[in-house]
Amino acid sequence: MTTTEQAPAPAADAAPGRRGGRLVRRLLAALGGLLAAAVALGVAQLVSALTGPSSAPVVAVGDTVITLVPEGVKQFAIRNFGENDKIALVAGTLVLVGVFALVIGVLALRWRAVGVVGIALFGVLGALAATSRPAAEQLAWLPSVVGAAAGVVALLFLLRPLTGTPVLPRSRPPADATAAVGRHAVPPADEGAVDRLRAALGATGDRKGLDRRGFFVAGGVAVGVAAVTGGGGYLLQRRFDVSDERAALTLPTPASRAPALPAGADLAERVDGLTPLFTRNRDFYRVDTAITVPQIQPGSYRLELTGSFDSPSSHSLDDLYGRSDLIERDITLTCVSNEVGGKLAGTARWIGVPLGTFLRENGVASGSTQLVCRSGDGMTIGAPTRSALQVEDAMLAVAMNGEPLPIEHGFPVRMIIPGLYGYVSACKWLVGIEATTFDAYDAFWAQRGWAQEGPIKVASRIDTPAPLREFPAGRRAIAGVAWAQTRGIGRVEVQIDEGEWLDADLGPEVDADIWRQWVLPHDFAAGSHQVTVRATTADGEVQTAERARPIPDGASGLHSIRVIAT
Ligand SMILES: Nc1nc2c(c(=O)[nH]1)N[C@H]1C(S)=C(S)[C@@H](COP(=O)(O)O)O[C@H]1N2
Ligand SMILES: [Mo]
């Protein structure tokens, strides 16, 4: 590969040289494919700054993957990546695109058409994914198509120096050659000298015309284009962000305040490692299918009521904020995907419109069994009408812990029905409620095998000691939380090894809709111990030890951990 074009090396050297040349060429072609993909994604990102963040191909494909993958995989992702499930998904999509791009690069070296078709295929995939999202913008296909076109151009441009078609016309010396020779520039006519020089600089390849320098120049341009368009697109997308509008809102004053907390209500102030009574917004678990969070302008927000109401109606955020019957309540949300002992639960103080009153006011039909709640990103959550009407403290929430709902938690309006898992009760970015029946329509999760109704199962969790982490033997607190929303927790018992069940101390009963902290001080002998917890509701139901997976209607079983005293 060090042979020059003008002076072929002896045959003995040429054979391995060519073979090496072929390998280098393939590696560079693969790199070219990768860079072309980067250009495609960067340009698509830039275009999506016009058409909306979720029309960017990786986001659109990710969204589609979320709606298509089996629940088992989704559960796996939530279990293993938790809140980072979407980051993992986007990263996974990028890795797949990358591998595909490497292959396309190599194939395109031989067959340009394969490269063009391969990238075009990706464009079509992205465009299909973007337009098939339920809340797709009109031009959602545009970023993928423009991106793919840019990718094709980039690929062809990058492959030229690998196959003897220099990026810079060969009859003229390349700029670098002239620069390197400086004032004693070689006259353009002296091609032999130029080529000798290019060879000396490693700028030229074997006799098939591998122009490595040309490739790296083209590659540099590609990296630049990808970075500028991608970064620019990312920055421009901030114009969709509604953080400023959210921050400018003044929260309404509720007519009915949350019950006052007794002094010392939060046991976490005294017990290390215990979950605080209230979860800060930034620590609140998040579960949804949105890779890019819906950004809804408060000024143009509408909640549309359709289906079995007296008549269709539309409500602005001012309509909701301005009501004189707003309630403030403390409620613990729980995800149906939560495993025994899991962290997908959180407690906040919410302000909202009383849901039952609102529905009755609008004349919801008595025959309606399901409220299909529609989110700004098009996803649907089916809530049982009966619970929406009858559960005290069910609301259309507009505030969380003293601020407007955080954007990730449903700004500007979400539904909350205490006692039901989030997937049937807590629609975020709520823009529509259709009163209908369960027979008439399966909402998103029901389509995927989750139960139509999702009452929260009584649960208890050990927060401290942490499993398998060593602590000094002697007296220390075992503590955690237990929940049975709308019913309340009446008792928590703890079993250590094969001992009898011991009653834990409970935090003050704040409200039946929120979890209850519990503490049991215990003298640990050195060694390893099994600690198990079980709760009983205020109305006497003992938490079952029978294990169930989250799907279809919530996990059950007792949280039991091994701890080590030394
Ligand atoms: N629009 C929308 N709302 C949604 C979801 C969703 O995916 N999209 N997920 C639901 C689920 S499964 C749960 S557990 C709660 C979680 O609410 P949080 O993210 O505020 O904790 O929101 C519910 N509301
Ligand atoms: Mo959930």
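Look up a bit, the structure's there.
Residues numbered from 1 in each chain as written. Chains lettered and ligands numbered in written order. Predicted model: local features only at pLDDT ≥ 70, side-chain atom pairs only at ≥ 80, totals over all residues. Heavy atoms only, no water.

Asker: Would you explain empty space enclosed by the protein in this entry?
Answerer: With a probe scaled to a water molecule rolled over the atoms, the places where space remains empty come into view. One pass over the structure, following the stated rule, counts eight cavities of 30 Å³ or more. By volume, the largest cavity is sized at about 350 Å³. What lines the largest cavity is a set of 28 residues, among which V287, D288, I381, G422 and K428 lie closest to the centre. Partitioned by chemical class, the residues of the lining of the largest cavity number 17 nonpolar, six polar and five charged. (1 Å grid on protein atoms, 1.4 Å probe; cavity = no way out; pocket = protein on both sides within 12 Å on 5 of 7 lines; lining within 4 Å. Points joined across faces, edges and corners; volume = space filled by probe spheres on them. Nonpolar A, V, L, I, M, F, W, Y, C, P; charged D, E, K, R; others polar.)

Asker: Sorry, what's going on with the site of ligand 1 here?
Answerer: Taken together, 18 residues lie around ligand 1, and Y285, H409, R414, A426 and K428 are the ones closest in. Between ligand 1 and V287 there is a distance of 3.1 Å, counted from an oxygen atom to a backbone nitrogen or oxygen. Measuring from an oxygen atom of ligand 1, one finds a side-chain N or O atom of H409 at 2.6 Å. In isolation ligand 1 has 530 Å² of accessible area, and contact with the protein removes 99% of it. (Near = heavy atom within 4 Å. Polar contact = N/O pair within 3.5 Å; in protein donor to acceptor, adjacent residues only side chain to side chain. Areas by Shrake-Rupley, 256 points an atom, 1.4 Å probe, with all protein chains shown as cover.)

Asker: What is the right way to look at the pairing of strand β11 (residues 459–464) in this model?
Answerer: Regular strands place their side chains on alternate faces of the sheet. In terms of burial, β11 is a largely internal element, six of the six residues being buried. As paired strands, β11 and strand β13 (residues 474–483) are joined by five bridges and run antiparallel to one another. Bridge assignment links I462 to a residue of β13, and that residue is G480. (Buried < 20%, exposed > 50% of the residue type's maximum accessible area, 1.4 Å probe, protein only. Helix = DSSP H or I, 4+ residues; strand = E, 2+ residues; numbered from the N terminus. Pairing = 2+ DSSP bridges.)

Asker: Please explain the nonpolar core as it appears in this structure.
Answerer: Buried together is how nonpolar side chains tend to be arranged in soluble globular proteins. Judged by nonpolar contacts, the single largest core of 71 residues is most densely connected at W350, L396, M415, L430 and I433. With six residues, the top contributor of residues to this core is strand β7 (residues 395–400). Inspection of this core shows a minimum of three residues originating in each of domain 2 (276–448) and domain 3 (459–565). Those residues within four positions of I433 in sequence are excluded, and the remaining contacts are L303, E304, L305, T306, F309, L371, V372, L396 and M415. Counting residues in hydrophobic clusters, the runner-up holds 24 residues, among them L35, V47, I119 and L158. (Core = buried A, V, L, I, M, F, W, Y, C linked by side-chain atoms within 4.5 Å. Domains from an automatic or database assignment. Contact = heavy atoms within 4.5 Å.)

Asker: Please clarify how the sheet that holds strand β5 (residues 370–375) should be interpreted in this entry.
Answerer: Remark on secondary structure: sheet strands pair via backbone hydrogen bonds, oriented parallel or antiparallel. A sheet is described by the order of its strands in space; here five strands give the open sequence β2-β1-β10-β5-β6, paired in mixed fashion. Looking at which strands have only one partner, the edges of the open sheet turn out to be β2 (313–316) and β6 (380–384). The sheet shows a mean angle of 20° between the axes of neighbouring strands, direction not considered. (Axes fitted to C-alpha atoms, helices over the stretch in contact; angles between N-to-C directions.)

Asker: Is there a simple way to think about unusual backbone geometry in this case?
Answerer: Most peptide bonds take the trans form, and the phi angle of most residues other than glycine is negative. Here the residue pair F411 and P412 is connected by a cis peptide bond, since its omega of 5° sits within 30 degrees of zero. Mapping P412 onto the fold places it in the loop between β8 (403–404) and β9 (414–416). Put simply, T464 and P465 share a cis peptide bond, and its omega is 0°. As for its placement among the helices and strands, P465 is situated in the loop between β11 and β12 (470–471). Of note, D393 is a non-glycine position whose phi angle comes to about 75°, a positive value.

Asker: Is there a simple way to think about helix α5 (residues 112–132) in this case?
Answerer: Residues three or four positions apart in an α-helix share a direction because the helix packs 3.6 residues into each turn. The end-to-end C-alpha distance of α5, which contains 21 residues, comes to 30 Å, matching closely the 30 Å that a straight helix rising 1.5 Å per residue would cover. Three or more residues of α5 are buried, namely G115, G118, I119, G123, G126, A127, A129 and A130. (Expected span 1.5 Å × (residues − 1).)

Asker: Can you help me understand the pattern of salt bridges in this one?
Answerer: Side chains bearing opposite charge may pair, as long as their charged atoms lie close to each other. Throughout the structure, instances matching the rule amount to 23 salt bridges. Put simply, D330 and R349 hold a salt bridge, and the shortest N to O gap is 2.7 Å. Highlighted residues: D330 in strand β3 (residues 327–334) and R349 in strand β4 (residues 345–354), separated in sequence by 19 residues. With relative accessibility at 1%, the residue D330 sits in the buried group. With a shortest N-O distance of 2.7 Å, R487 and E541 are connected by a salt bridge. Of the two residues, R487 is situated in the loop between β13 and β14 (489–496) and E541 in the loop between β18 (527–537) and β19 (559–565); the sequence distance between them amounts to 54 residues. Classification of R487 by relative accessible area gives partly exposed; the value is 28%. Counted as one network, the salt bridges with shared partners bring together D85, K86, R286, D288 and K428. (Salt bridge = Lys/Arg side-chain N within 4 Å of Asp/Glu carboxyl O.)

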